[in-house]
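# Breakdown of the fold
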Amino acid sequence: MIPVTAFAGKRCALFGLGGSGLASARALVAGGADLIAWDDNPASVERAASEGIGTADLREADWSAFDALVLSPGVPLTHPEPHWTVRKAQAHAVPVIGDIELFCRQRALLAPDAPFVAITGTNGKSTTTALIAHILREAGRDVQMGGNIGVPVLDLEPPAPDRIHVVEVSSYQIDLAPGLDPGIGILLNLSPDHLDRHGSMENYALVKKQLVKKAGRAIVGVDDPWCASIANLIEKAGVAVTRISVATDRGAIDLSDAPSLRGEHNLQNALAALHACRMLGLTDAEIEAGMASFDGLAHRMQIVARHGRVLFVNDSKATNAEAAARSLASFGSIHWIAGGLPKEGGIASLAPFFDRIARVYLIGEAAPAFAATLGGRVPYEISATLDVAVNHAAADAAASDADEPVVLLAPAAASFDQFANFEKRGEAFVSAVDALEPHDVPRAAGGGA
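Before going into details, it helps to say that this report is about the structure given with it.

About the criteria used
- Residues numbered from 1 in each chain as written.
- Predicted model: local features only at pLDDT ≥ 70, side-chain atom pairs only at ≥ 80, totals over all residues.
- Heavy atoms only, no water.
- Helix = DSSP H or I, 4+ residues; strand = E, 2+ residues; numbered from the N terminus.
- Buried < 20%, exposed > 50% of the residue type's maximum accessible area, 1.4 Å probe, protein only.
- Contact = heavy atoms within 4.5 Å.
- Areas by Shrake-Rupley, 256 points an atom, 1.4 Å probe, with all protein chains shown as cover.
- Lys, Arg positive; Asp, Glu negative; His and termini not counted.
- Charge placed at Lys NZ, Arg CZ, Asp CG, Glu CD.
- Salt bridge = Lys/Arg side-chain N within 4 Å of Asp/Glu carboxyl O.
- Pairing = 2+ DSSP bridges.
- Right-handed = clockwise from strand over helix to strand, strands pointing away.
- Axes fitted to C-alpha atoms, helices over the stretch in contact; angles between N-to-C directions.
- Phe/Tyr/Trp six-rings, centres within 6.5 Å; stacked < 30°, edge-to-face > 60°.
- Lys NZ or Arg CZ within 6 Å of the ring centre and 35° of its normal.
- Parallel < 35°, antiparallel > 145°, perpendicular 65-115°, else oblique.
- Left-handed = near helix turned anticlockwise from the far one by under 90°.
- Polar contact = N/O pair within 3.5 Å; in protein donor to acceptor, adjacent residues only side chain to side chain.
- Expected span 1.5 Å × (residues − 1).
- Core = buried A, V, L, I, M, F, W, Y, C linked by side-chain atoms within 4.5 Å.

## Regarding the overall build of the protein chain
Within the protein chain one finds 15 helices and 16 strands. Projected onto its principal axes, the C-alpha coordinates of the protein chain cover approximately 75 × 50 × 40 Å. Taking all 449 residues of the protein chain together, 53% fall into the buried category. In the protein chain, the share of contacts with a sequence separation of at least 24, taken over all contacts with a separation of at least 6, comes to 68%. If you sum the accessible surface of the protein chain, you get close to 17,900 Å²; carbon and sulfur atoms cover 51% of it. Counting 36 positive and 52 negative side-chain charges, the protein chain places the centres of these two groups 4 Å from one another.

As structure tokens, then:
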């Protein structure tokens, strides 16, 4: 935990007692703040109270006495409309901040020059965060990784001169962190996302810009016009900018020994990690070794097994066609497991990748619609369930003449028809692969078009 002594003796309101909110409450109390916390969920309030955190209904509080409102990132700050706590704070000129801001203020007190790498972007930020942290750890550095990637930032060890914090930051968290000033700020890419919470693409881009606006050094992916514009703007304002581009930087790094970093999207992640780790003093040899040993994140193009020539890849996180496209673009001779709870647009946009696919194994509610899209263009079967799909795909791949046939779970659909979430779906895929016999006998082909 990082006790937030920056608010010692100050009176704070906190709304939202989920993972990061509860971590913030604990850190504020440990740092000596006078805290009143609340949540719409009575169970969350009860849990906080059982830990000795002061709780009370903030509707009845004296807002003129508060020095800050600490808001959980899942609570609307501006769109579709400000949360009622935000309106109360604004009416009494109370600053509204979040856990990343608390971290930044505490870092300023404890070790203002402590290495701090902050990563954001529409896609790839979790992989880039994990990759940077992995490379640094493999090189023997003291690393703390957290933020939006899973471990709340205030649950990490406190900043120290030789301790590197590698933190994934969402747009919601950036919006609540006016003092965000990483030593190295990384903005990977921007495409329309979370517009219900930001109102427009322009607002979304403006929020993301804040992460690199006050960075000591910025690394910006410039393959989309939004980020290219941001790179120009912050450079004119005096920020040292390193631009990275999948289109022009292909020769900057050799990923042939890093199987978990296949695909153009991972090239962007790797380029960001390369420059960040160089800025932190690592040699190229250390960086290359770290990339080669990186296993990837679970459920994100995760290589889970190899049976002979057959590679098994878990990309359960690919819950829409755009995400699945990145996986399909990364392999050939694909035995593709797809389906689940369908999303608008289905898989029609994936037609350019159909020539990479040997056969499709359809599961879940989306199976009939996906089958209609595939038509006679790609062989398919309706497997219905994931375990059947894995068994049939593994046998067909083993019988393939390809040098490296791939059994790929990239559902292009949500998981909720058959699984609680994409993680559970990915875990079921891994379990089904683990249960395979290493030399499954090829089955007779059948079913589908």
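Don't stop here, the text continues.
## Section: the pattern of salt bridges
In this structure the tally under the stated criterion is 15 salt bridges. The closest approach of N and O atoms between D142 and R163, which form a salt bridge, is 3.1 Å. Separated by 21 residues along the polypeptide, D142 in strand β6 (residues 142-147) and R163 in strand β7 (residues 163-168) bring together distant segments of the chain. We note a salt bridge from E235 to R243, for which the minimum N-O separation is 2.9 Å. R243 gets classed as partly exposed once you look at its relative accessible area, which sits at 33%. Among the ionic contacts, a cluster of salt bridges with common partners joins R26, R47 and E51.

## Concerning the pairing of strand β1 (residues 11-15)
Within β1, four of the five residues are buried, which leaves it mostly tucked inside the rest of the structure. In this structure, β1 lies alongside strand β2 (residues 34-38), joined through five bridges in parallel fashion. Paired with R11 across the bridge in β2 is D34. This β-α-β element, β1 to helix α1 (residues 19-30) to β2, shows right-handed connectivity.

## A closer look at the sheet that holds strand β16 (residues 406-409)
The mixed open sheet is built from six strands, whose spatial order is β11-β12-β16-β13-β14-β15. Where the open sheet ends on each side, the last strands, each with one partner, are β11 (302-307) and β15 (380-384). With direction set aside, neighbouring strand axes in the sheet form an average angle of 20°. Here six bridges tie strand β13 (residues 334-339) to strand β14 (residues 357-363), and the two strands are oriented parallel to one another.

## A short note on the packing of aromatic side chains
For the structure on display, the rule yields three aromatic pairs. Their ring planes at 80° and their centres at 5.1 Å tell us that W63 and F66 sit as a pair that is edge-to-face. Residue classification places F66 among the buried positions, given a relative accessible area of 5%. Taking NZ or CZ as reference, K10 lies 5.6 Å from the ring centre of F7, over its face. K317 extends its terminal NZ or CZ atom over the ring of F422, reaching a point 5.5 Å from the ring centre.

## Regarding the packing of helix α5 (residues 125-138) against helix α10 (residues 264-279)
Interaxial distance between α5 and α10 falls to 9 Å at its minimum, and their mutual angle equals 40°. By the angle between their directions, the pair α5 and α10 is classed as oblique. The two elements α5 and α10 meet at a crossing, and its hand is right-handed. Contacts from T127, T128, L131, I132, I135 and L136 in α5 reach N266, N269, A270, A272, A273, A276 and C277 in α10.

## With respect to the side chain of D224
On the secondary structure map, D224 appears in the loop between β9 (217-221) and α9 (225-236). Buried within the structure, D224 lacks any salt-bridge partner; its nearest side chain of opposite charge belongs to K208, at an N-O separation of 11 Å. One polar contact links the side chain of D224 to the main-chain amide nitrogen of L190, over a distance of 3.1 Å. Reaching out from D224, the side chain makes a polar contact with the backbone nitrogen of C227 at a distance of 2.8 Å.

## As for helix α4 (residues 99-110)
With 12 residues, α4 extends 16 Å from end C-alpha to end C-alpha; this agrees with the ideal 16 Å at 1.5 Å per step. Those residues of α4 that fall on the buried side of the exposure criterion are D99, I100, E101, L102, F103, C104, Q106 and R107. Those residues of α4 that are buried lie in contact with α1, β3 (68-71), β4 (96-97), β5 (116-120), β7 and α6 (171-175).

## Some thoughts on the nonpolar core
Of all hydrophobic cores here, the largest spans 65 residues; its most connected members are F7, L28 and L71. What L28 contacts, discounting residues up to four positions off in sequence, is V4, F7, L14, A33, L35, V70 and L102. Formed by 36 residues, the second largest nonpolar core is a distinct cluster that contains A130, L136, I244 and A273.

## Section: unusual backbone geometry
Going from H79 to P80, the amide bond is cis rather than trans, its omega being 0°. With respect to the helices, strands and loops of the structure, P80 is situated in the loop between β3 and α3 (84-91). Positioned with a positive phi, A93 is a non-glycine residue whose angle comes to about 55°. If you trace the backbone, A93 turns up in the loop between α3 and β4.

Distances and angles like these do not, on their own, reveal function.
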